[in-house]
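Spelled out from the first residue to the last, the chains are:
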Amino acid sequence: MPGGELLYPSPQHQPATLPQQPHPTIITTATSELLGDETWVWSQIKAEARRDAESEPALASYLYSTILSHSSLERSLSFHLGNKLCSSTLLSTLLYDLFLNSFSTDPDLRSATVADLRAVRARDPACVSYSHCLLNYKGFLACQAHRIAHKLWIESRRPLALALHSRIADVFAVDIHPAAKIGKGILFDHATGVVVGETAVIGNNVSILHHVTLGGTGKSGGDRHPKISDGVLIGAGATILGNIKIGEGAKIGAGSVVLIDVPARTTAVGNPARLVGGKEKPSMHEDVPGESMDHTSFISEWSDYII
């Protein structure tokens, strides 16, 4: 099979339109406590895909091939990523087997995927469904593929990790070094132009918008990239350089350039970035901006923007 050929099921198993069945019931959030989180999310995704296939027959075969023909979330995601990232020399079959083996044998990878799906659905008002995120959100897809590249890296399969890293950057315009460590509940919103360096660490429940750089300050090696704590929100176009710490629940304004540590629960804006309220007594916030996605609450009046 040529590397660029899609891994669709054979034509006899790929109906042009789906057979008429009773419209599935979307499982309510309350029911999720009775099911495993992964099982609940996968049930939602299949129900959404069935609904969308019935309402838009042009997508029926695509939805069948990517979601409805699969028995689990890890199989669907592995299939989809394999087709997205394959090339004429990096075969889709190889990628599918690689992804599926990784997801199937590592519960932490699967729980991270589910946490990311929930994060995108909850935080991005443009995300209309879990299936929409799974199929179309390149930030989500790039993050899941990076998790596999990182697993390969720590298993000392570094040439393959770097090859996968290159394909992720080519296809999704997201450049995350395979050694970078990323937590769960991550939202890469829009994601285009995101760059994350080799020794960067991103905690849990972090939201990062497009054109954000977590980079170094020069050519010296070693531990040289930012450490992003849990619950941080990083606005579009922000640049954070060096082995510095962004404290838990901090907020980095769009377009800011951050070169020193940012305390927890504070807001840093500007170039060079300064703390809102001043470094001696910075303004503090109680919410978790990485989850609330609140970019502007520190501005009560226009004149307050002057720091």
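1. Focus: the overall build of the protein
Phase 1: When you go through the protein residue by residue, the secondary structure sums to nine helices and 15 strands.
Phase 2: Looking at the protein residue by residue over its 307 residues, the buried ones come to 49%.
Phase 3: If you take every contact in the protein between residues at least 6 apart in sequence, the share linking residues at least 24 apart comes to 49%.
Phase 4: In the form shown here, the protein has an accessible surface area of approximately 14200 Å², with 54% of it arising from carbon and sulfur atoms.

2. A look at the confidence of the model for the protein
Interpretation of the predicted coordinates at a detailed level should be avoided for regions scoring low in pLDDT.
Phase 1: The pLDDT averaged across the protein works out to 89; a share of 86% of its residues lies at or above 70.
Phase 2: Overall, residues 1–25 carries pLDDT values under 50, and its contacts beyond four positions in sequence, including any with other chains, amount to 52 contacts.

3. Describing the packing of helix H1 (residues 37–55) against helix H2 (residues 60–68)
Phase 1: Packing of H1 against H2 leaves a shortest axis separation of 9 Å and a crossing angle of 170 degrees. As judged from the angle between their axes, H1 and H2 are roughly antiparallel. Crossing geometry of H1 relative to H2 is assigned as left-handed. Of the residues in H2, those in contact with Trp 42, Ile 45, Lys 46, Ala 49, Arg 50, Asp 52 and Ala 53 of H1 are Ala 60, Leu 63, Ile 67 and Leu 68.
Phase 2: Residues belonging to the contact of H1 with H2 are distributed by class as follows: eight nonpolar, no polar and three charged.

4. Looking at the packing of aromatic side chains
Phase 1: In total, this model carries one aromatic pair according to the counting rule given.
Phase 2: Taken together, a centroid distance of 5.7 Å and an interplanar angle of 85 degrees make the contact between Trp 40 and Tyr 130 edge-to-face. Here the residue Trp 40 occupies a position in helix H1, and Tyr 130 occupies one in helix H6 (residues 130–136), the gap between them amounting to 90 residues.
Phase 3: With a relative accessible area of 2%, Trp 40 lands in the buried category.

5. Some thoughts on the sheet that holds strand S8 (residues 227–228)
Within a beta sheet, neighbouring strands are joined by backbone hydrogen bonds and run either parallel or antiparallel to one another.
Phase 1: Spatially, S2-S5-S8-S11 is the arrangement adopted by the four strands of the open sheet, whose pairing is parallel. Of all strands in the sheet, those with a lone pairing partner are strand S2 (181–182) and strand S11 (245–246), marking the two edges.
Phase 2: The pairing of S2 with strand S5 (residues 201–202) spans two bridges and is classified as parallel. Directly across from Lys 181, in S5, lies its bridge partner Val 201.

6. Focus on the side chain of Lys 151
Phase 1: In this fold, Lys 151 is placed in helix H7 (residues 138–154).
Phase 2: Those residues in contact with Lys 151 that sit more than four places away from it in its chain are Ser 102, Asp 106 and Leu 109.

7. Considering the environment of Ser 131
Phase 1: In this fold, Ser 131 is placed in helix H6.
Phase 2: On the accessibility criterion, Ser 131 (2% relative accessible area) is buried.
Phase 3: Sequence separation between Ser 131 and Ile 67 is 64 residues; the distance between their C-alpha atoms is 8.5 Å.
Phase 4: Dropping the residues within four chain positions of it, Ser 131 is found in contact with Ile 45, Glu 48, Ala 49, Asp 52 and Ile 67.
Phase 5: Here the side chain of Ser 131 touches Ser 129 through a polar contact of 3.1 Å, side chain to side chain.

8. Digging into the sheet that holds strand S12 (residues 251–252)
Phase 1: The six strands are arranged S3-S6-S9-S12-S14-S15 in an open sheet whose pairing can be described as mixed. Either end of the sheet is taken by a strand with one partner, and the two such strands are strand S3 (187–189) and strand S15 (274–275).
Phase 2: Pairing of S3 with strand S6 (residues 207–209) involves three bridges; the strand directions are parallel. Paired with Asp 189 across the two strands is Leu 209, which belongs to S6.

9. So, the nonpolar core
Phase 1: Grouped together as the largest cluster of nonpolar side chains are 77 residues, with contacts concentrated most on Phe 188, Ile 202, Ile 234 and Ile 246.
Phase 2: In this view, Ile 202 contacts Lys 181, Ile 182, Gly 183, Ile 186, Phe 188, Val 196, Ile 208, Leu 214 and Ile 228; residues no more than four positions away in its chain are not counted.

10. Overview of the pattern of salt bridges
Phase 1: Enumeration over the complete set of coordinates arrives at nine salt bridges.
Phase 2: Note that Arg 110 is salt-bridged to Glu 38, the shortest N-O span being 3.3 Å. Taken together, the positions of Arg 110 in helix H5 (residues 107–123) and Glu 38 in helix H1 put the pair 72 residues apart, joining distant regions of the chain.
Phase 3: On the basis of relative accessible area, Glu 38 is assigned to the partly exposed category, the value being 26%.
Phase 4: One connected set of salt bridges, linked through shared partners, spans Asp 106, Lys 151 and Glu 155.

11. What about the state of the cysteines?
Phase 1: Under the definition given, this model contains zero disulfides.
Phase 2: Unpaired in terms of disulfides, Cys 127 finds its nearest cysteine sulfur in Cys 133, a separation of 5.0 Å.
Phase 3: Residue Cys 127 is classed as buried on the basis of its relative accessible area, which comes to 2%.
Phase 4: Classification of Cys 133 by relative accessible area gives buried; the value is 1%.

Cut-offs and rules
Residues numbered from 1 in each chain as written. Predicted model: local features only at pLDDT ≥ 70, side-chain atom pairs only at ≥ 80, totals over all residues. Heavy atoms only, no water. Helix = DSSP H or I, 4+ residues; strand = E, 2+ residues; numbered from the N terminus. Buried < 20%, exposed > 50% of the residue type's maximum accessible area, 1.4 Å probe, protein only. Contact = heavy atoms within 4.5 Å. Areas by Shrake-Rupley, 256 points an atom, 1.4 Å probe, with all protein chains shown as cover. pLDDT = per-residue confidence, 0-100. Axes fitted to C-alpha atoms, helices over the stretch in contact; angles between N-to-C directions. Parallel < 35°, antiparallel > 145°, perpendicular 65-115°, else oblique. Left-handed = near helix turned anticlockwise from the far one by under 90°. Nonpolar A, V, L, I, M, F, W, Y, C, P; charged D, E, K, R; others polar. Phe/Tyr/Trp six-rings, centres within 6.5 Å; stacked < 30°, edge-to-face > 60°. Pairing = 2+ DSSP bridges. Polar contact = N/O pair within 3.5 Å; in protein donor to acceptor, adjacent residues only side chain to side chain. Core = buried A, V, L, I, M, F, W, Y, C linked by side-chain atoms within 4.5 Å. Salt bridge = Lys/Arg side-chain N within 4 Å of Asp/Glu carboxyl O. Disulfide = S-S within 2.5 Å.

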